[in-house]
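Secondary and tertiary structure notes
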Amino acid sequence: MKNYIVSAFRLTLVMLAVVGVYLFIVYAGSKVLPTQGNAEIITHNGQKFYANIGQEFTSSKYFHGRPSNVGYNAAGSGGSNKGPSNKEYLDLVQKRMDTLKMQHPEMSGTEVPVELVTASGSGLDPDISEAGALYQAKRIAKERNFSEEKVEQLIANHTSKPLIGLFGPAKVNVLQLNIALDQLK
């Protein structure tokens, strides 16, 4: 019995050391990031927004982000937990695709970017792909009386490339893109 208690105590000490080192590495690593592990807060028109949390944009004058299964509520993030073969989920995605195609008739024949019709695992993804933004460019240009090239250039200027050109996809933060869109003349 004494051997088991001593072994359990040793294992507890080793695991405390491992977890402590892990926590230190995560904390130190977060301090290297541009926001130092904190939320990126953007103030626009006197209102504060979190750039790393998806926002809902419904006006046709703005780029739309990923759909959210939690109503963009950061207090209760989560996905739908429905698999790709679930009939209810497939019907929802098809409904979103039909709505998107109706909003963008000029894009008929173009493949709909997947992130515009499927929600992320958290329901709070703030980014879309460059293709997702370009899919919406014609609508934005028409609604705001801008040239399509001007809108495409804005998208290019706000596209974050993969880390060191290798890790992750190119992406566009929808909130930052829409704020820049408001500032375009």
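What counts and how
- Residues numbered from 1 in each chain as written.
- Predicted model: local features only at pLDDT ≥ 70, side-chain atom pairs only at ≥ 80, totals over all residues.
- Heavy atoms only, no water.
- Phe/Tyr/Trp six-rings, centres within 6.5 Å; stacked < 30°, edge-to-face > 60°.
- Buried < 20%, exposed > 50% of the residue type's maximum accessible area, 1.4 Å probe, protein only.
- Pairing = 2+ DSSP bridges.
- Helix = DSSP H or I, 4+ residues; strand = E, 2+ residues; numbered from the N terminus.
- Contact = heavy atoms within 4.5 Å.
- Axes fitted to C-alpha atoms, helices over the stretch in contact; angles between N-to-C directions.

1. Observations regarding the packing of aromatic side chains
All told, the structure shown has 1 aromatic pair when counted by the stated rule. Between the aromatic rings of Phe57 and Tyr62, the centroid separation amounts to 5.7 Å while the plane-to-plane angle is 40 degrees, which identifies the pairing as tilted. The exposure class assigned to Tyr62 is partly exposed, which follows from its relative accessible area of 22%.

2. Describing the sheet that holds strand β4 (residues 159-160)
If you trace the 3 strands from one edge of the open sheet to the other, you get β3-β5-β4, paired in antiparallel fashion. Here the strands that pair on one side only, and so sit at the sheet edges, are β3 (127-129) and β4. Its contacts with the sheet place helix α5 (residues 174-183) against β3 and β5 (171-173), and it is angled at close to 60 degrees to β5.

3. Quick word on the environment of Val112
Mapped onto the fold, Val112 is located in the loop between α2 (87-103) and β3. Residue class for Val112 comes out buried when judged on its relative accessible area of 12%. With 12 residues separating them in the primary sequence, Val112 and Leu100 have C-alpha atoms 8.2 Å apart. If sequence neighbours within four positions are ignored, Val112 has contacts with Met97, Leu100, Lys101, Val117 and Tyr135.

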